[in-house]
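Here are the chains, one letter per residue:
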Number of protein chains: 2
Amino acid sequence: MAPVTNGRVLFNSIATGFPEPGKTTVYDTTQVIDPETVPLNGGFLLKTLELSIDPYMRGRMSANVKSYIPPFLLGEPITGYGVAVVVRSEHSEIKAGDHVYGTIAHVNYSIRKDLSYLTVFQNPDKLPWSTFLGVLGMPGKTAFMAWKEYSQVKKGETVFVTTGAGPVGSLVIQLAKRDGCKIIASAGSEEKVQFMKEIGADVAFNYKTTNTVEVLEKEGPIDIYWDNVGGATLDAALDAANDGARFIECGMISGYNTGGATNTRLFQVIAKSISMHGFIVGRLEPKWGKEFFATIPPLVASGEIKHREDIYEGLEWVGDVLLAVQKGTNKAKAVIHVADE
Amino acid sequence: MAPVTNGRVLFNSIATGFPEPGKTTVYDTTQVIDPETVPLNGGFLLKTLELSIDPYMRGRMSANVKSYIPPFLLGEPITGYGVAVVVRSEHSEIKAGDHVYGTIAHVNYSIRKDLSYLTVFQNPDKLPWSTFLGVLGMPGKTAFMAWKEYSQVKKGETVFVTTGAGPVGSLVIQLAKRDGCKIIASAGSEEKVQFMKEIGADVAFNYKTTNTVEVLEKEGPIDIYWDNVGGATLDAALDAANDGARFIECGMISGYNTGGATNTRLFQVIAKSISMHGFIVGRLEPKWGKEFFATIPPLVASGEIKHREDIYEGLEWVGDVLLAVQKGTNKAKAVIHVADE
């Protein structure tokens, strides 16, 4: 096999507002690699199949932010959750043909020296590889594990889910439905509203055209708030909360591109005995991982749990999709299909 | 006994900023009462002994605020925690000479029809009645019960306590000390700083002259935050929090007189997996009441737990003291001594 182009998405400059395709990141085709002969030095060669584009990645594009994950390195490929296949291996714990899930560079081929941040996994049901980035991957785990850990759900309670058409929110809606809740759900397009209704939301609305405060006043009070948004929406949820409400703080995308959101209604935490829980899904995984894989894949395979993906073809789309997931213009869980096996 | 003046502190006008003595409340001496002959209609007559002035009372002076307690009624006496003695009784569950703790009107004499919001209590150690408004009353219970319920304290952790010289904060400091914590504590005067050191604070500072952010950067990160302040101090605590920190949201006095505080660092709840707990002490009382009364009174009687009171003589001081506890110019737990037995 002759050398081939090793396409790479490089971190090119710190983002201050929204990430800009071609500026914040650039797609580079100057590197070539010969998969058959490239030295592995005891490691293994990965061919990237699928890459996940997620809202949290914005945090890695900022300067000097103390965060739970380090920023991307300028001039180096960005990384994210992905699925890859092993092309060649000199490592005793992994062999050619194995599939791995974990942190993968946004490149066609990468050499790894060990299994740090990677898990070898099986796919007995021959589900599409992209599934392992969405409903069976980090977003699905996020929804399932935090719901189990923090919701303290009781049948008949009212739940408000933001970004309810996304890969996390749409699973939260379906879990809440299975637990017998009334579900209020918001998203940013009529098409997303339609999808939220299909998967069980009792009240679904487009926050761009409908006033969140008014919906919550009419349909609340709420017992559980699944926050992916922060800012004014979080304030609205604080005002609409029932005594003893649980707030599951999954994301605050409203502030990611504007230097942070402002809140003015936090005293409701005291007035209403609210508990608010931030979390990192990785820390919940040891406790809930087994139940997740026992519960969710069969429901996905049978179609009882629905999920959607918005698949883009080729690494050259990464910059655009990074922007799309910040603006919410993607249609569903955003995946870059990098290569077939 | 001839009729006597029944002094009353009346709610006179809605407060928009700080409460103003003589305007927000007025001390009224126009009512007379004859304790020996006033009709009880099956109820009982209370003589007020001690009244507690607490920061939360500001919330009852605002208009149209949905809060956990209703606003005061214009033209009527304000109410608050207090201790009273029964002068006469026609009620089968209570007799002359009994002492009650609970919600008491800010008047010399009041007629009650039943024991709603009142508890008959004993004082075998002959502790001053005012003790039951401070370290053995609502503030003491607040500190003890929320610390037990939410701190998840582990020996060696670092705790940041705001308003650490107050009746709640000073007990939190002493509980945290007994649990083996490093304690950072703030208050608003050098005298309060000195007291916080005496009761066990490892780092005590005057937030008016020392920068909170700098103290927390140097002495943090913090594992537990006891919030009585909210606003910028809460933001500083969010920035200084350790992963997995617990925030006990007891009060947000920084916003009570300014229309609410603003927060901009709430994303740290997610970044650091923080859990934040608002609470109402009354809801914790069924779970922790027994342990509180078994633990704290003996420690107070023996002097192992220290407490301070700032006692003002007479109902005519209520307006001034309401303002003082909002500005923090009181020296310790503020109590109005209304009458001797």
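Each chain carries its own residue numbering, running from 1 in the direction its sequence is written. Here chains are named by letter from A upward and ligands by number from 1 upward, in the order in which they appear as written. In keeping with the predicted nature of the model, local features appear solely for residues at pLDDT of at least 70, side-chain atom pairs appear and are counted solely at 80 or more, and the whole-chain, interface and lining totals rest on all residues. Based on all heavy atoms of the structure, the side-chain values leave hydrogens and waters out of the count.

Peer 1: Is there a simple way to explain the relation of the copies chain A and chain B in this structure?
Peer 2: One copy of the chain maps onto the other through a rotation about an axis plus a displacement along that axis. Copies are brought into register by a least-squares superposition over C-alpha atoms of residues with pLDDT of at least 70 in both. Take chain A, turn it by 180°, move it 0.0 Å along the axis, and it overlays chain B with an RMSD of 0.0 Å. Taken together, the rotation and translation relating the two chain copies correspond to the operation of a two-fold axis.

Peer 1: Which parts of the structure should I look at to understand helix α7 (residues 281–301) of chain A?
Peer 2: Owing to its 3.6 residues per turn, the α-helix brings residues three or four apart onto one side. Residue and element names in this part refer to chain A. Its 21 residues place the ends of α7 only 23 Å apart at the C-alpha level, less than the 30 Å of an ideal helix rising 1.5 Å per residue. Helix geometry: α7 is bent most strongly at W288, by close to 70°. For α7, every residue scored as buried is listed here: V281, L284, W288, G289, F292, I296, P297, L299 and V300. For α7, the secondary structure elements touched by its buried residues are α1 (138–150) and α2 (167–178). A positive phi of about 85° marks G303, the residue just after α7. Secondary structure elements are defined from DSSP: runs of H or I of at least 4 residues count as helices, runs of E of at least 2 residues count as strands, and each element is numbered from the N terminus. What a helix is expected to span follows from its residue count: subtract one and scale by 1.5 Å. The quantity called bend is, for any residue, the angle between two axes fitted respectively to the seven residues ending at it and the seven beginning at it. Only protein chains enter the area calculation, which uses a 1.4 Å probe; residues under 20% of their type maximum are buried, those over 50% are exposed, and those in between are partly exposed. In what follows, a contact means two residues having at least one pair of non-hydrogen atoms within 4.5 Å.

Peer 1: Would you mind showing me how to read helix α4 (residues 212–219) of chain B here?
Peer 2: All names here are of chain B. Within α4, the full set of buried residues consists of T212, V215, L216 and E219. Down the axis, α4 shows its buried residues gathered within 95° of arc, on one side only. Away from the buried face of α4 by more than 90 degrees, exposed residues E214, E217 and K218 are located. On its buried face, α4 is in contact with β10 (158–161), β11 (182–187), β12 (203–206), β13 (222–227) and α5 (231–239). Arc, as used here, means the arc of the directions from the helix axis to the C-beta atoms.

Peer 1: Just checking my understanding: could you explain the pattern of salt bridges for this structure?
Peer 2: A side chain of one charge can pair with a side chain of the opposite charge if their charged atoms are brought near each other. All names here are of chain B. Any carboxyl oxygen of Asp or Glu that lies within 4 Å of a side-chain nitrogen of Lys or Arg is treated as forming a salt bridge with it. Tallied over the entire structure, the rule returns 32 salt bridges over all chains. Here K154 makes a salt bridge to E157, at a shortest N to O gap of 3.6 Å. R265 serves as the salt-bridge partner of D239, at 2.9 Å between the closest nitrogen and oxygen. On the criterion of sequence distance, the pair formed by D239 in helix α5 and R265 in the loop between α6 (253–256) and α7 (268–271) is long-range, its members being 26 residues apart. According to the relative accessible area criterion, D239 is partly exposed, its value standing at 33%.

Peer 1: In this structure, what is going on with the interface of chain A and chain B? I would like to understand it.
Peer 2: For an interface, size is often stated in terms of accessible area lost upon the parts coming together. Contacts between chain A and chain B engage 27 residues on the former and 27 residues on the latter. Around 2,300 Å² of area is buried between chain A and chain B when both sides are counted, 58% of it from carbon and sulfur atoms. Buried area is understood as the total, over both parts, of accessible area removed when two parts are fitted together, assessed with a 1.4 Å probe. It is L266, I270 and M276 of chain A in chain A that bury the most area against chain B; as a group they hold 25% of the surface buried on that side. Run the count over chain A and chain B and you get two salt bridges. A salt bridge links D243 of chain A to R283 of chain B, with the shortest nitrogen-to-oxygen separation between them at 3.0 Å. By the criterion applied in these results, polar contacts are pairs of N or O atoms within 3.5 Å in which, for protein atoms, one can donate a hydrogen and the other can accept it, and in which residues neighboring in sequence qualify only through two side-chain atoms. Where chain A touches chain B, the interface holds twelve residue pairs in polar contact (both at pLDDT 80 or more).

Peer 1: Can you help me understand the packing of aromatic side chains in this one?
Peer 2: The description of an aromatic ring pair rests on the distance of the ring centres and on the angle between the ring planes. Residues and elements named next belong to chain A. Two rings from Phe, Tyr or Trp (for Trp, the six-membered ring) form a pair when their centres are within 6.5 Å of each other. A pair whose planes differ by under 30 degrees is stacked, one over 60 is edge-to-face, and the rest are tilted. Scanning all chains against the criterion turns up 27 aromatic pairs over all chains. Ring centres of Y81 and Y101 lie 5.9 Å apart, and the angle between their planes is 15°; on these two criteria the pair is classed as stacked. Taken together, the residues span a long stretch of sequence, with Y81 in strand β6 (residues 79–89) and Y101 in strand β7 (residues 99–105) at a distance of 20 residues. Each ring, one from F292 and one from F293, has its centre 5.0 Å from the other, and the planes form 80°; the classification is edge-to-face. Through a chain of ring-to-ring contacts, the aromatic side chains of F160, F205, Y225 and F247 assemble into a single cluster.

Peer 1: Looking at this structure, how should I read the nonpolar core?
Peer 2: One recurring pattern in soluble globular proteins: nonpolar side chains tend to sit buried together. Of all hydrophobic cores here, the largest spans 79 residues; its most connected members are W147, M196, W226 and I296 of chain B. Excluding anything up to four places from it in sequence, W147 of chain B contacts V153, V159, V172, L175, A176, D179, I224, W226 and I248 of chain B. Counting residues in hydrophobic clusters, the runner-up holds 78 residues, among them F44, L127, I183 and V338 of chain A. Put simply, a nonpolar core is a bunch of buried Ala, Val, Leu, Ile, Met, Phe, Trp, Tyr and Cys residues held in one set by side-chain atoms that sit within 4.5 Å of each other.

Peer 1: Help me out: how do you make sense of the packing of α1 of chain A against α2 of chain A in this one?
Peer 2: Helix-helix packing is characterised by the crossing angle of the two axes and by the distance between the axes. Residue and element names in this part refer to chain A. The interhelical angle for the contact between α1 and α2, taken along N-to-C directions, is 40°, at an axis separation of 8 Å. One element, α1, and the other, α2, form an angle in the oblique class. In the packing of α1 onto α2, the handedness of the crossing is right-handed. On α2, the residues touching P139, G140, T142, A143, F144 and W147 of α1 are P167, V168, L171, V172, L175 and A176. Structural elements are reduced to axes, namely lines fitted to C-alpha atoms, with helices fitted over the stretch in contact, and the angle between N-to-C directions of any two is expressed from 0 to 180 degrees. Comment on the angle field: the value is read as roughly parallel under 35 degrees, roughly antiparallel over 145, roughly perpendicular from 65 to 115, and oblique elsewhere. Should the near helix be turned counterclockwise from the far one by less than a right angle, the crossing is left-handed, whereas a clockwise turn marks it as right-handed.

Peer 1: Would you mind going over the environment of K331 of chain A with me for this structure?
Peer 2: All names here are of chain A. Topologically, K331 is positioned in the loop between α8 (318–327) and β17 (333–337). Through-space distance from the C-alpha of K331 to that of V135 is 15 Å; in sequence the pair is 196 residues apart. Once residues within four sequence positions are removed from consideration, K331 is found in contact with E191, K192, R308 and D310.

Peer 1: Which parts of the structure should I look at to understand the packing of α4 of chain B against α5 of chain B?
Peer 2: All names here are of chain B. Interhelical geometry of α4 versus α5 gives an angle of 20° and a closest axis separation of 10 Å. Overall, the two elements α4 and α5 adopt an arrangement that is roughly parallel. The two elements α4 and α5 meet at a crossing, and its hand is right-handed. Taking contact as the criterion, the partners of T212, V213 and L216 in α4 are, on α5, T233, A236 and A237. Here the nonpolar group is Ala, Val, Leu, Ile, Met, Phe, Trp, Tyr, Cys and Pro; Asp, Glu, Lys and Arg are the charged ones; every other residue, Gly included, is treated as polar. When the residues that make up the contact of α4 with α5 are grouped by side-chain class, the tally is four nonpolar, two polar and no charged.

Peer 1: Help me understand the sheet that holds strand β15 (residues 275–278) of chain B in this model?
Peer 2: Two orientations exist for strands paired in a sheet by backbone hydrogen bonds: parallel and antiparallel. Each pair of strands is called paired provided DSSP finds at least two bridges between the two strands. In space, the twelve strands of this open sheet follow the order β12(A)-β11(A)-β10(A)-β13(A)-β14(A)-β15(A)-β15(B)-β14(B)-β13(B)-β10(B)-β11(B)-β12(B), with mixed pairing throughout. Lying at the two open borders of the sheet, with one neighbouring strand each, are β12 (203–206) of chain A together with β12 of chain B. Sheet twist, expressed as the mean angle between neighbouring strand axes with direction ignored, is 10°. Bridging between strand β15 (residues 275–278) of chain A and β15 of chain B involves three bridges; their strand directions are antiparallel.

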